[in-house]
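# Close look at the chain arrangement
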Amino acid sequence: PPADPAQLSFYTHHPPLIVWLSALSARMFGLNELALRWTAASLTLLSLAAFYALARRLLGGTRGWLATALYGLMPMTLYFGRMPNHEPLALLVGLLFANVLLDWLRAPSRGRWLALALLCVAAAWSMWGAVMFVGVLGGAAFGLCLLRRQMRPAAQIAALGVVALLAVAGLMLYYEWGAPGAWERQQSAFSFRASDTIG
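Notes on the structure follow. (Residues numbered from 1 in each chain as written. Predicted model: local features only at pLDDT ≥ 70, side-chain atom pairs only at ≥ 80, totals over all residues. Heavy atoms only, no water.)

### A word on the environment of Arg56
Inspection of the secondary structure assignment puts Arg56 in helix 2 (residues 33–59). With relative accessibility at 39%, the residue Arg56 sits in the partly exposed group. Residues Arg56 and Ser188, 132 residues apart in the sequence, show an inter-C-alpha distance of 42 Å. Setting aside its immediate chain neighbours within four residues, Arg56 contacts Gly61 and Gly64. (Helix = DSSP H or I, 4+ residues; strand = E, 2+ residues; numbered from the N terminus. Buried < 20%, exposed > 50% of the residue type's maximum accessible area, 1.4 Å probe, protein only. Contact = heavy atoms within 4.5 Å.)

### Regarding the pattern of salt bridges
Considering all chains together, one arrives at 2 salt bridges under this definition. A salt bridge links Glu33 to Arg37, with the shortest nitrogen-to-oxygen separation between them at 2.6 Å. A residue pair is termed a helical-turn pair when its members lie 3 or 4 positions apart in one helix, as Glu33 and Arg37 do in helix 2 at 4 residues. Put simply, Arg57 and Asp103 hold a salt bridge, and the shortest N to O gap is 2.9 Å. With Arg57 in helix 2 and Asp103 in helix 5 (residues 86–106), the pair connects residues that are 46 residues apart, well separated along the chain. (Salt bridge = Lys/Arg side-chain N within 4 Å of Asp/Glu carboxyl O.)

### Points about helix 9 (residues 182–194)
Between its first and last C-alpha atoms helix 9 spans 18 Å; for 13 residues at 1.5 Å apiece the expected length is 18 Å, and the two agree. Looking only at helix 9, the buried set comprises Ala182, Gln186 and Ala189. Each buried residue of helix 9 sits inside an arc of 65° when the element is viewed along its axis, so together they form one side. On the buried face of helix 9, the contacting elements are helix 7 (128–147) and helix 8 (151–178). (Expected span 1.5 Å × (residues − 1). Arc of directions from axis to C-beta.)

### Things to note about the packing of aromatic side chains
Using the criterion set out here, one finds 9 aromatic pairs in the structure. Ring plane angle 40° and centroid distance 5.8 Å describe the contact between Trp20 and Trp125, whose orientation is recorded as tilted. Linking Trp20 in helix 1 (residues 17–29) with Trp125 in the loop between helix 6 (110–124) and helix 7, this pair joins segments that are 105 residues apart in sequence. Residue classification places Trp20 among the partly exposed residues on the basis of a relative accessible area of 39%. Among the residues examined, Trp125 registers a relative accessible area of 17% and is labelled buried. Each ring, one from Phe51 and one from Tyr71, has its centre 4.4 Å from the other, and the planes form 5°; the classification is stacked. With Phe51 in helix 2 and Tyr71 in helix 3 (residues 61–73), this residue pair connects regions lying 20 residues apart in the sequence. You can call Tyr71 buried: its relative accessible area is 11%. Among the aromatic residues, those joined into a ring-pair cluster are Trp20, Trp125, Tyr174, Tyr175 and Trp177. (Phe/Tyr/Trp six-rings, centres within 6.5 Å; stacked < 30°, edge-to-face > 60°.)

Worth remembering: the numbers are spatial, not functional.
In structure tokens:
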């Protein structure tokens, strides 16, 4: 039987972008398992292409193909990549960010910076792991610019950090607006997952 709407509640432990993409697929193709798995599988296949683009830039064509084959054979990609979960989207966003960041470091442009800013927002609204990945890459790029004494690019990367923080703050406000008490529930979930005690 259908669920009673009074029993439903907002899930606020993870960002909502994958849920929205899955809902869009369900609206287009019907609410069924195939529509939901198709979304995740498509994101996984796109992440394969993004991984290859990054591996080719860093390793060259042949080693790039080998690295991509290994990425594709990982259980997270090969088996779990079809599951409607946050990881396929987060991997895609993170790999796209890495590609654009590498291009921006080699040849900065306004368009690439705007793409990085958009990907920071997508990371914040897709998965906490994506925020961490983007943050680590951004921190490494910031350090590299400082080592090269490139102050203007360093400031532009710092501005990306501000964009990411605003995106996370916007997500928190969105959840608190739609489901009052979401902030406390997220703090409780984080404490539980980060704790070394049982019970």
